[in-house]
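These are the residues of each chain, in order.
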Amino acid sequence: GAVVSQHPSRVICKSGTSVKIECRSLDFQATTMFWYRQFPKKSLMLMATSNEGSKATYEQGVEKDKFLINHASLTLSTLTVTSAHPEDSSFYICSASGTGVNYGYTFGSGTRLTVV
Amino acid sequence: AQSVTQLDSHVSVSEGTPVLLRCNYSSSYSPSLFWYVQHPNKGLQLLLKYTSAATLVKGINGFEAEFKKSETSFHLTKPSAHMSDAAEYFCVVRLFSGGYNKLIFGAGTRLAVHP
């Protein structure tokens, strides 16, 4: 079945630095990728949606300059948290959707970001 | 606007007893609905989905859900809970917005299973 690999699974960074999270579809072409944020014991909040080669569409209230999303190929999307602050600490999850038999939503295992 | 409401934030059952996790939806047309499960420190797993075919949907691990248009509900059930069912469950609706089909998550229900 469709597999999405998300890396790293955990990352700790210092305030003011940037962190990049990768999301790869391993065995299908992901025409659309989604990035979610999950606060402790809370639901998943959609941050942005992107198509390969296009600019991401951000949900209301999400700072596009802080959360940079790149979907450069049909198998890779990256989320870069720029100038991270402790309040950016969270669980970030990507999801990928393809076409045809791969039309569906496959989720990565998530990245726990801690900003100290 | 399409949305889902999970009526219980926590549900606790004894092993071997039935499970009922409630979800109501709001939609101006027939929605696509999903149930996902999230085990601690693990990724999201699709349990089942409704996409306007049969109203009773069978999923993995013995779960099923029934789409009831008259009640705008899509409750998740399982006849007999197992300890391994303890997890967070999300009712999800697919929304077409901004040119994309997006998944919008409910608040989640934490299921506890006691021996």
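Use the structure listed above.
Residues numbered from 1 in each chain as written. Chains lettered and ligands numbered in written order. Predicted model: local features only at pLDDT ≥ 70, side-chain atom pairs only at ≥ 80, totals over all residues. Heavy atoms only, no water.

Quick word on the packing of aromatic side chains
Going through the model one piece at a time under the given rule, you end up with 14 aromatic pairs over all chains. Seen from their ring centres, F34 of chain A and Y105 of chain A are 5.7 Å apart, and the 50° between their planes marks the pair as tilted. With F34 of chain A in strand β4 (residues 32–38) and Y105 of chain A in the loop between β9 (90–97) and β10 (106–107), the pair connects residues that are 71 residues apart, well separated along the chain. Taken individually, F34 of chain A and Y105 of chain A each receive the classification buried, so the pair is uniform in this respect. When the ring of F90 of chain B is compared with that of F105 of chain B, the centres are 5.7 Å apart and the planes differ by 75°; the resulting orientation is edge-to-face. Placement of F90 of chain B in strand β10 (residues 87–97) and of F105 of chain B in strand β11 (residues 100–105) is noted, with a sequence separation of 15 residues between them. (Phe/Tyr/Trp six-rings, centres within 6.5 Å; stacked < 30°, edge-to-face > 60°. Helix = DSSP H or I, 4+ residues; strand = E, 2+ residues; numbered from the N terminus. Buried < 20%, exposed > 50% of the residue type's maximum accessible area, 1.4 Å probe, protein only.)

Describing unusual backbone geometry
Trans is the common state for peptide bonds, and a negative phi is the common state for residues other than glycine. Cis peptide bonds are those with omega within 30 degrees of zero, and the linkage from H7 of chain A to P8 of chain A qualifies with 0°. Relative to the helices and strands, P8 of chain A is located in the loop between β1 (4–7) and β2 (10–13). The phi torsion at S83 of chain A lies on the positive side, around 45°, for a residue other than glycine. Looking at the element boundaries, S83 of chain A is found in the loop between β8 (76–81) and β9. The phi torsion at N61 of chain B lies on the positive side, around 60°, for a residue other than glycine.

Thoughts on the interface of chain B and chain A
Each partner contributes residues to the interface: chain B has 16 residues there, and chain A has 22 residues. Taking both partners together, chain B and chain A bury about 1600 Å²; carbon and sulfur atoms supply 55% of that area. In this structure, the connection of chain B to chain A is made through one salt bridge. Where chain B meets chain A, there are six residue pairs in polar contact (both at pLDDT 80 or more). Elements supplying a minimum of two residues to the side of chain B that touches chain A: β5 (33–38), β10 and β11 of chain B. (Contact = heavy atoms within 4.5 Å. Buried area = accessible area lost by both parts, 1.4 Å probe. Salt bridge = Lys/Arg side-chain N within 4 Å of Asp/Glu carboxyl O. Polar contact = N/O pair within 3.5 Å; in protein donor to acceptor, adjacent residues only side chain to side chain.)

Here's the deal with the side chain of S50 of chain A
Within the secondary structure, S50 of chain A sits in strand β5 (residues 44–51). Within the structure, the side chain of S50 of chain A is placed 3.0 Å from the side chain of H71 of chain A, a separation counted as a polar contact. When sequence neighbours within four positions are dropped, the list of residues in contact with S50 of chain A reads T31, T32, M33, A56, I69, H71 and S77 of chain A together with Y100 of chain B.

Quick word on the nonpolar core
Within the largest apolar cluster, 26 residues are counted, with the highest numbers of intra-cluster contacts made by W35, F74, L76 and Y89 of chain B. Per-element tally for this core: the top contributor is β10 of chain B, with four residues. By size, the runner-up hydrophobic cluster in this structure holds 23 residues, among which are V11, A56, L79 and V115 of chain A. (Core = buried A, V, L, I, M, F, W, Y, C linked by side-chain atoms within 4.5 Å.)

Overview of the sheet that holds strand β7 (residues 67–73) of chain A
Residue and element names in this part refer to chain A. In space, the four strands of this open sheet follow the order β1-β3-β8-β7, with antiparallel pairing throughout. Looking at the sheet topology across the chains shown, the edges are occupied by β1 and β7. Neighbour-to-neighbour, the strand axes of the sheet open up by a mean angle of 15°, direction not taken into account. In terms of strand pairing, strand β3 (residues 19–25) meets β8 through six bridges, oriented antiparallel. (Pairing = 2+ DSSP bridges. Axes fitted to C-alpha atoms, helices over the stretch in contact; angles between N-to-C directions.)

That's the geometry; what it means functionally is another story.
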